[in-house]
Amino acid sequence: MTATVPAHALAPAAAPARPGPHRALNALRSAAAVLVVVYHLRTLLFVDAADAGDGLATRVLYVLTGLGPAAVVVFFVLSGYWVGGSVLSAFRQDRFRWAGYATARLSRLWIVLVPAVALTAVLDTLGLAVLGHTSIYAGDPAYHHTVPAEDLAGRLGPLTALGNMGFLGKIAVPTYGTNASLWSLGYEAAFYAIFPLALYAWKGRGGVPARILSAVLLVVICKFVGIPVLMYLPVWLMGAAVALFRRPIAARLVTLSPVVLAPARTAASVALAGALWATQASYSGRNVLLLAGTTTVLLVLLVEDVRWTGLPGRALDAASRYADSSYSLYAVHLPIAALIAALLTPQAAHRWAPSPAHWLALAALSAVLVAAGWLFARVTERHTSRLRAVLDSLLRSPAGRHARP
């Protein structure tokens, strides 16, 4: 199937810049990934906040290192902007093709996900064999489901692995092994399918039969993934909405004086930080929507990139470049962190109390995981275009080779 939508309906849409050239949004994505890593490490290595003491510095550090679950909401908004924006642009220009879209999305996801599942299998099998007596591999609930609080070996079977590779983790099968972070990939994949199907059902090419088929598939997918997944769909759509109106937003931003734009971006960043804090304090539907909304406001203000130079610009460049490794970091950090924590704090009851030395150790171990994500990306994400070319060649029919791209 191909699709067409009247130009007047989607005229404002334009494909957002992909990760790479947009420093501010890439840096935001990198920061969100690091927040997830730090949260998981702190949960595995440190005593719970209730047992950490009442010192102001301790409370602040526990808040700052507890933002990981909320940071995933930021990922969803950014994904809606980039992926949803590319879909809207393709529909507007009548160049959306399911085959090309599928290979683009699957190559992007699988080139990291499949090796990440394999790495999880190796590390978890090693951990169970050597450190099976430790709280992490014994499934101690003290870790608040950062790692599974049940039979870990039962989550390492081939069907669970295939289910996670098929984006069904936490939807139809458990997340694989200790890699509980894989849940969000299934949610993302559902959004990737739901959004273009909804556009097809609305104004897709192929007449009424094609639109009915799209609507049926849309209903089937929504029914299959269920309410827990669909609850996050509005968050993802907020990013897509910004992409839809990217051109007029950008045109308006370039007319604003830096005296106006810089304070607005600062205020939006502060609001985002406050929403992150509120969401980590109480992960409720209201706070998730608040966080998605503040992220969307900041996204609107960053449609046009910042123009920092000097030392701030170089720091932003470094954070932006790491965005090309952020998916790898997200996908592999947890089984590595679980193994490290099992070695350093074998029993949950013996986790670290907060101290300067332990906070420095947390920072150092977080840096190790960030480096591991970068290395993993060198052999996976860097080669996404090659995998996509292979998938394209497999799907391309003899007739398709002569079809309009």
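Rules and cut-offs
Residues numbered from 1 in each chain as written. Predicted model: local features only at pLDDT ≥ 70, side-chain atom pairs only at ≥ 80, totals over all residues. Heavy atoms only, no water. Helix = DSSP H or I, 4+ residues; strand = E, 2+ residues; numbered from the N terminus. Rg over C-alpha atoms; globule rule 2.2 N^0.38 Å. Buried < 20%, exposed > 50% of the residue type's maximum accessible area, 1.4 Å probe, protein only. Contact = heavy atoms within 4.5 Å. Expected span 1.5 Å × (residues − 1). Axes fitted to C-alpha atoms, helices over the stretch in contact; angles between N-to-C directions. Parallel < 35°, antiparallel > 145°, perpendicular 65-115°, else oblique. Left-handed = near helix turned anticlockwise from the far one by under 90°. pLDDT = per-residue confidence, 0-100. Polar contact = N/O pair within 3.5 Å; in protein donor to acceptor, adjacent residues only side chain to side chain.

A. Highlighting the overall build of the protein chain. When you go through the protein chain residue by residue, the secondary structure sums to 17 helices and zero strands. The C-alpha radius of gyration computed for the protein chain amounts to 22 Å, which stays within 12% of the reference 22 Å derived for 405 residues, consistent with globular compactness. On the principal axes, the C-alpha backbone points of the protein chain span a range of 65 × 55 × 35 Å. Per-residue burial over the protein chain gives 50% buried out of 405 residues. Counting contacts in the protein chain only where the partners sit at least 6 residues apart, residues at least 24 apart contribute 83% of the total.

B. Region of the structure containing helix 2 (residues 23-45). A rise of 1.5 Å per residue sets the reference length of helix 2, with its 23 residues, at 33 Å; its end C-alpha atoms lie 33 Å apart and thus fit the reference within 8%. Among the 23 residues in helix 2, 20 count as buried, and that is most of the element.

C. Representation of the packing of helix 4 (residues 68-92) against helix 11 (residues 233-244). Where helix 4 contacts helix 11, the two axes come as close as 6 Å, and the packing angle between them is 45°. In terms of orientation, helix 4 lies oblique with respect to helix 11. For the pair helix 4 and helix 11, the crossing hand works out as right-handed. Residues Val73, Phe76, Val77, Ser79, Gly80, Tyr81, Val83, Gly84, Gly85 and Leu88 of helix 4 touch helix 11, and the partners they reach there are Val235, Trp236, Gly239, Ala240, Val242, Ala243 and Leu244.

D. Region of the structure containing unusual backbone geometry. Here the phi dihedral of His144 falls at roughly 55°; this positive angle occurs in a residue that is not glycine. Here His144 is to be found in the loop between helix 6 (135-138) and helix 7 (158-165). With a phi angle near 65°, Phe167 is a residue other than glycine that sits in the positive phi range. When you line up the elements, Phe167 lands in the loop between helix 7 and helix 8 (183-203).

E. Layout of the confidence of the model for the protein chain. Chain-level statistics for the protein chain give a pLDDT mean of 91 and a share of 93% at 70 or above. Of all the helices and strands in the protein chain, helix 1 (residues 7-10) carries the lowest mean pLDDT, 38, while helix 16 (residues 356-379) carries the highest, 98. Scored below 50 in pLDDT, residues 1-20 makes 69 contacts in the model with residues more than four places away or belonging to other chains. Predicted confidence for residues 398-405 stays below pLDDT 50, and this span has six contacts to residues more than four positions away or in other chains.

F. Molecular detail of the side chain of His333. Tracing the backbone shows His333 in helix 15 (residues 310-344). When its relative accessible area of 1% is taken as the criterion, His333 is described as buried. Reaching out from His333, the side chain makes a polar contact with the backbone oxygen of Leu329 at a distance of 3.1 Å. Setting aside its immediate chain neighbours within four residues, His333 contacts Val36, Val37, His40, Ser181 and Leu369.

G. Spatial organisation of the environment of Leu88. Residue placement: Leu88 occurs in helix 4. Accessibility expressed as a relative area gives 4% for Leu88, which makes it buried. Along the chain, Leu88 and Leu199 lie 111 residues apart, while their C-alpha atoms are 8.7 Å from each other.

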